[in-house]
Amino acid sequence: MTGNAVADFFLSLALALGTARILGALARRVGQPAVVGEICAGVLASPMILTRAGADTVLPTTVKPLLGALANVGLATFMFLIGYEVDGTFLRHRRKATLGVATGSVVVPLAAGMALAVPLAHTYAPGSHTAFVLFVGVAMSVTAFPVLARILSDRGLSGHPVGALTLAAAAVGDLVAWICLAGVAAYAGAAGQWQLALLPVYLLVMFLVVRPLLAGLVERTRRDGPTVERLVPLLIVGLMLSCGATEWLGIHFIFGAFAFGAAMPRNTTGETRSQIMRHMEQAGHVLLPLYFVVAGTKVDLSAFDVTTLLALTAVIGVAVLSKAGGAYGGARLAGMPRSEALPAAVLMNTRGLTEIVIVAVALEMGLINQDFYSMMVVMAVVTTAMTGPLLKIFRVLPANPSVHLPDNPSVARSSTLSENTLQTG
């Protein structure tokens, strides 16, 4: 660009955010989540499209670490919000069906993914084969809870019985996936990391010390009136400290962000909670799309040969069949009729945003190589993009559902969170 590092940074930031917004809006116009367009914005700036020299001109190597740092702040804020949202009220309605769908959609792809990863590990695992196999299983079991909520919201199906049920099942499944991924990260980073032994201490501090402190701060805010603006800077400081702590422990900062959100008190009034979330979402509005642009720049399919393309086909096939089949089987075993089990299977196959985060973390930690990262990103985009068209093709959900679940505040808040956080276009 200009040769001036500071000027290049601001120009690259403007280009990345502007392109992400435009392509995110175009994606939504054709019925896709904005994250699909944001990933495409990054791919357009990747060496696969522009060549290495062209990519370095658009996003100079000197500014990429700065863009990555800003993107990580957006991701940390987003993970805080996800942690803040997940609570037990998701299981308040149709518990058996929810757990059936969640169990089937996690266990089957987890097993299928691990089985697929065994022969692939020799080619695509840069380090421990065991960690690679475990990671692929976890990655296959993910459902993009926020993107799913956005799809349901866009189609007016958040209150539909199947929509609310799959949203709850996705929340349960993703919680399990994040816990499993933390275990894989801990296993992969355990060698020579004495800090990992302090993980139980960190968890005890979070829930026995930090949570009561946060409860006191939130209660004081609620009692003193509309002063949430004074609380938010303290929450951001605490969020950054928690992220730094888990990164130092060797299990990646996203788990610190998630844990800090999970430690937030749940007994706050709706108005206070919504104000806290609204303020914390501001960083996500601006910076989260940048994370997916940066992720897209790392995708490179130009060197793929026939063997790699076959592996990609296998990854997509196993991801779709095991996830949809597991969700459908779990739903049927839980007593759901076919008319509800089929749409649940289609919806639970959505991966999108959550999958991108997980594979980016895996690449950063050395669990997978660059080629397998590109495969997993393609799989995430394909499984996300196919959800909307499949709902139309199979006509598995009515356009104007007449039956609604009883009010479920947790599900309602989750739909609002996803709509606000993901609305980038």
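Residues numbered from 1 in each chain as written. Predicted model: local features only at pLDDT ≥ 70, side-chain atom pairs only at ≥ 80, totals over all residues. Heavy atoms only, no water.

Asks: Explanation requested: the overall build of the chain in the structure shown.
Replies: Across its full length, the chain holds 18 helices and zero strands. Within the chain, the proportion of its 425 residues that are buried is 55%. Expressed as a percentage of contacts within the chain between residues at least 6 apart in sequence, the contacts between residues at least 24 apart total 83%. Here the chain displays about 17300 Å² of accessible surface, and carbon together with sulfur accounts for 67% of that area. (Helix = DSSP H or I, 4+ residues; strand = E, 2+ residues; numbered from the N terminus. Buried < 20%, exposed > 50% of the residue type's maximum accessible area, 1.4 Å probe, protein only. Contact = heavy atoms within 4.5 Å. Areas by Shrake-Rupley, 256 points an atom, 1.4 Å probe, with all protein chains shown as cover.)

Asks: So what exactly am I meant to see when it comes to helix H13 (residues 306–333) here?
Replies: Side chains three or four residues apart in an α-helix point the same way, a direct result of the helix having 3.6 residues per turn. Helix length check: H13, at 28 residues, gives a terminal C-alpha distance of 39 Å against a target of 40 Å (1.5 Å per residue), a fit within 8%. The backbone nitrogen of Thr307 has a side-chain oxygen 3.3 Å away, supplied by the residue at the start of H13, namely Asp305. Just downstream of H13, Gly335 is the residue with a positive phi angle, here 95°. (Expected span 1.5 Å × (residues − 1). Polar contact = N/O pair within 3.5 Å; in protein donor to acceptor, adjacent residues only side chain to side chain.)

Asks: Got a minute to help me understand the packing of aromatic side chains in this structure?
Replies: Between two aromatic rings, the relevant description is the distance of the centres plus the angle of the planes. Inspection of every chain in the model, using the stated rule, returns six aromatic pairs. Ring geometry for Phe80 versus Phe260: centroids 5.9 Å apart, planes at 35°, classification tilted. Here the residue Phe80 occupies a position in helix H4 (residues 64–85), and Phe260 occupies one in helix H11 (residues 253–262), the gap between them amounting to 180 residues. Residue class for Phe260 comes out buried when judged on its relative accessible area of 4%. For the ring pair Tyr124 and Phe372, a centre distance of 5.8 Å and an interplane angle of 40° mean the geometry is tilted. Taken together, the residues Tyr124 in helix H5 (residues 95–124) and Phe372 in helix H16 (residues 370–385) connect sequence positions 248 residues apart. Of the two residues, Tyr124 and Phe372, neither departs from the other in class, the shared state being buried. In this structure an aromatic cluster arises from ring pairing among Phe80, Tyr84 and Phe260. (Phe/Tyr/Trp six-rings, centres within 6.5 Å; stacked < 30°, edge-to-face > 60°.)

Asks: Sorry if this is basic, but what is going on with the side chain of Arg351 here?
Replies: Along the chain, the position of Arg351 falls in the loop between helix H14 (338–348) and helix H15 (352–365). Exposure remark for Arg351: the relative accessible area of 0% places this residue in the buried category. A distance of 2.8 Å separates a polar side-chain atom of Arg351 from the backbone oxygen of Met140. Looking at Arg351, its side chain comes within polar contact range of the main-chain oxygen of Ala319, at 3.0 Å.

Asks: Looking at this model, I keep getting lost on the environment of Ile254. Mind explaining?
Replies: Assignment of secondary structure puts Ile254 in helix H11. Linking Ile254 and Thr77, residues 177 residues apart in sequence, is a C-alpha distance of 9.2 Å. Beyond its immediate stretch of four places on either side in the chain, Ile254 contacts Leu75, Met79, Trp178, Val357 and Val361.

Asks: Sorry, what's going on with the pattern of salt bridges here?
Replies: A full pass over the atoms with the stated rule returns one salt bridge. When the shortest N-O distance is used, the salt bridge between Arg351 and Glu355 registers 3.6 Å. Using a relative accessible area of 0% as the deciding quantity, one classes Glu355 as buried. (Salt bridge = Lys/Arg side-chain N within 4 Å of Asp/Glu carboxyl O.)

Asks: Can you walk me through the nonpolar core in this structure?
Replies: The nonpolar side chains of a soluble globular protein tend to be buried with one another. Within the largest apolar cluster, 129 residues are counted, with the highest numbers of intra-cluster contacts made by Phe132, Phe135 and Phe372. It is helix H8 (residues 161–188) that contributes the most residues to this core, 12 residues altogether. Those residues in contact with Phe132 that lie beyond four places of it in its chain are Ala117, Leu120, Ala121, Tyr124, Ala125, Leu367, Ile368 and Phe372. (Core = buried A, V, L, I, M, F, W, Y, C linked by side-chain atoms within 4.5 Å.)

Asks: What should I look at first to understand a nonpolar patch on the surface in this one?
Replies: A contiguous nonpolar surface patch, about 750 Å² in accessible area, is contributed by Leu198, Val201, Leu204, Val205, Leu208, Val209, Leu213 and Trp248. Sorting elements by how many residues they give to the nonpolar patch places helix H9 (residues 199–224) first, with six residues. Here Val209 shows up in helix H9. (Patch = residues over 30% accessible without salt bridge, like charges linked within 9 Å, V, L, I, M, F, W, Y side chains within 5 Å.)

Asks: What should I look at first to understand the packing of helix H1 (residues 5–29) against H4 in this one?
Replies: Angle between the axes and distance between the axes: these two values describe a pair of packed helices. Running from N to C, H1 and H4 cross one another at 50°; their axes reach a closest spacing of 10 Å. Here H1 is positioned oblique relative to H4, judged by the angle of their axes. Two packed elements cross with a definite hand, and for H1 against H4 that hand is right-handed. Only Leu66, Leu67 and Leu70 of H4 make contact with H1, whose side of the interface consists of Phe9, Ser12 and Leu13. (Axes fitted to C-alpha atoms, helices over the stretch in contact; angles between N-to-C directions. Parallel < 35°, antiparallel > 145°, perpendicular 65-115°, else oblique. Left-handed = near helix turned anticlockwise from the far one by under 90°.)

Asks: What exactly am I supposed to notice about the confidence of the model for the chain here?
Replies: Interpretation of the predicted coordinates at a detailed level should be avoided for regions scoring low in pLDDT. Summary statistics for the chain give a mean pLDDT of 81 and a share of 85% for residues scoring 70 or more. Low pLDDT, under 50, characterises residues 399–425; the stretch is placed with 75 contacts to residues that sit more than four places away or in other chains. (pLDDT = per-residue confidence, 0-100.)

Asks: Can you help me understand the environment of Pro126 in this one?
Replies: With respect to the helices and strands, Pro126 occurs in the loop between H5 and helix H6 (129–140). Residue classification places Pro126 among the exposed positions, given a relative accessible area of 51%. Along the sequence, Pro126 and Gly366 sit 240 residues apart, while their C-alpha atoms lie 6.5 Å from each other. In this view, Pro126 contacts Gly366, Leu367, Ile368 and Asn369; residues no more than four positions away in its chain are not counted.

Asks: Which parts of the structure should I look at to understand H16?
Replies: In this model H16 runs 23 Å from its N-terminal to its C-terminal C-alpha over 16 residues, within 8% of the 22 Å that 1.5 Å per residue would give. Among the residues of H16, Phe372, Tyr373, Ser374, Met375, Met376, Val377, Val378, Met379, Ala380, Thr383 and Thr384 are the ones counted as buried. The opening residue of H16, the one whose side-chain oxygen lies 3.3 Å from the backbone nitrogen of Asp371, is Asn369.

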